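In case you want the letters, here they are:
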Amino acid sequence: MSEKLKVGIGGLGAIGLTLARAIADGTLPDLTLGAVSARDAEKAKGNLAAIGAEAPIVPLESLAETCDIVVECAPASVFETIARPAIETGRIFVPVSIGALLNHMDLVDRAKDTGARLVLPTGALIGLDAVRAAAEGEIESVTLETRKPPLGLAGAPYLVENDISVERLNEAKKVFEGNAREAAKGFPANVNVAAALSLAGVGPERTSVEIWADPDVTRNTHTIRVEADSARFTMTIENIPTEENPKTGKITALSVIATLRRLTAPLTAGT
Ligand SMILES: NC(=O)C1=CN([C@@H]2O[C@H](COP(=O)(O)OP(=O)(O)OC[C@H]3O[C@@H](n4cnc5c(N)ncnc54)[C@H](OP(=O)(O)O)[C@@H]3O)[C@@H](O)[C@H]2O)C=CC1
Ligand SMILES: O=C([O-])CC(=O)C(=O)O
């Protein structure tokens, strides 16, 4: 049997801790936990013990030293600290703060030289297999409509800068319309899905995004609409929030687990 690949997890919150549990309990039998990072090392120690996992707790920038796969599950503000060493060391890098990746696309060029690979999970979104397939032909338009409970959007830089209130809404309010690059900048903790969609399809400038603060939804709801020369499709996902971080849908960690499984699986389904 070949040796298990070591996974380093940067950020042990809603996504990272679920992934650590899946590795520790044998859900991903070809992988082992190599190292983890968190802001609060004592809390991380307790969390690892609670899920029966053992791994050194190291600074974010050290994950790539010992791990074959580095998974970024931390706030966008520390994205580069995790990403750059992983790319420079030629690792497989799996980011979830994909909005932040849009500001560091030079990493993709570096990966060509170092042999690193950036593998982006579908995360909280849907249908990136179909978008990738359509992008092999001609795509005319890609649109993402995101609806979130108003409190999930409160404090986003775009709302603060433009003095847009999402308090006490009685009906849905469109708070943003623009492209994926502008959306990722204005809503760094909210629309990683827009960035992922753009990288699977026609890029951040050509991907249109609408964000709605909607008091009638309890789930983060994303609809993608694609017009291409091969197909027209519309898909919607309604995400159940995690208990740990209501901004993050439960399916996100499962998407990361599925992404890691396919790295070593003898059979994979989907594009
Ligand atoms: N691609 C997608 O579809 C989605 C992406 N996301 C993105 O994924 C990322 C993680 O989300 P989520 O798991 O919900 O976040 P959480 O807030 O639940 O967890 C973040 C983790 O990062 C750790 N952390 C924070 N700062 C540092 C630091 N300076 N050094 C080391 N660790 C640090 C925290 O440590 P501590 O516990 O000690 O505070 C915590 O463990 C976010 O950027 C989010 O926007 C979320 C949903 C969907
Ligand atoms: O896009 C994001 O960053 C998070 C999100 O909307 C979700 O989990 O549904």
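Residues numbered from 1 in each chain as written. Chains lettered and ligands numbered in written order. Predicted model: local features only at pLDDT ≥ 70, side-chain atom pairs only at ≥ 80, totals over all residues. Heavy atoms only, no water.

Turning next to the sheet that holds strand E10 (residues 232–239). The mixed open sheet is built from five strands, whose spatial order is E7-E8-E6-E9-E10. The strands lining the two open edges of the sheet, one partner per strand, are strand E7 (173–179) and E10. With strand direction ignored, the average angle separating the axes of adjacent strands in the sheet is 15°. For strand E6 (residues 139–148) and strand E8 (residues 207–213), the ladder comprises seven bridges, and the chain directions are parallel. Bridge pairing links Lys148 to Ala213 in E8. Across the sheet, helix H11 (residues 192–200) lies against E6, E8 and strand E9 (220–228), angled at about 165° from E6, the strand it touches most. (Pairing = 2+ DSSP bridges. Helix = DSSP H or I, 4+ residues; strand = E, 2+ residues; numbered from the N terminus. Axes fitted to C-alpha atoms, helices over the stretch in contact; angles between N-to-C directions. Contact = heavy atoms within 4.5 Å.)

Among the structural elements, Thr221 can be located in strand E9. Exposure remark for Thr221: the relative accessible area of 12% places this residue in the buried category. Among the polar contacts listed, one links the side chain of Thr221 to the backbone oxygen of Arg219, at a separation of 2.9 Å. Not counting chain neighbours up to four residues away, the residues in contact with Thr221 comprise Glu145, Thr146, Arg147, Thr236, Ile237 and Glu238. (Buried < 20%, exposed > 50% of the residue type's maximum accessible area, 1.4 Å probe, protein only. Polar contact = N/O pair within 3.5 Å; in protein donor to acceptor, adjacent residues only side chain to side chain.)

In this section: the domain arrangement of the chain. Looking at the assigned domains, one finds that the chain contains domain 1 (5–123 + 251–264) and domain 2 (128–240). On a C-alpha basis, the centroid separation for the pair domain 1 and domain 2 is 25 Å. Tallying the contact residues gives 10 residues for domain 1 and 12 residues for domain 2. Among the residues of domain 1 in contact with domain 2, Leu102, Thr122 and Ile251 are the three that bury the most area, contributing 51% of the side total. The interface formed by domain 1 and domain 2 includes zero salt bridges. Run the count over domain 1 and domain 2 and you get three residue pairs in polar contact (both at pLDDT 80 or more). (Domains from an automatic or database assignment. Buried area = accessible area lost by both parts, 1.4 Å probe. Salt bridge = Lys/Arg side-chain N within 4 Å of Asp/Glu carboxyl O.)

Looking now at the packing of aromatic side chains. To describe a pair of aromatic rings, one takes the distance between the centres and the angle between the planes. In total, this model carries four aromatic pairs according to the counting rule given. Summarising the aromatic geometry, the rings of Tyr158 and Phe176 are spaced 5.1 Å apart at their centres and angled 85° between planes, so their arrangement reads as edge-to-face. One end of the pair, Tyr158, is in helix H9 (residues 157–161); the other, Phe176, is in strand E7, with 18 residues separating them in the sequence. Assessed through its relative accessible area of 4%, Phe176 is described here as buried. Between the aromatic rings of Phe176 and Phe187, the centroid separation amounts to 5.6 Å while the plane-to-plane angle is 70°, which identifies the pairing as edge-to-face. Of this pair, Phe176 sits in strand E7 while Phe187 sits in the loop between helix H10 (180–186) and H11; the two residues are 11 residues apart in sequence, bridging distant segments of the chain. One exposure class covers both Phe176 and Phe187, and it is buried. Site record: aromatic cluster; members linked through ring pairs are Tyr158, Phe176 and Phe187. Above the plane of the ring of Trp212 lies Arg147, whose end atom (NZ or CZ) is 4.4 Å from the centre. (Phe/Tyr/Trp six-rings, centres within 6.5 Å; stacked < 30°, edge-to-face > 60°. Lys NZ or Arg CZ within 6 Å of the ring centre and 35° of its normal.)

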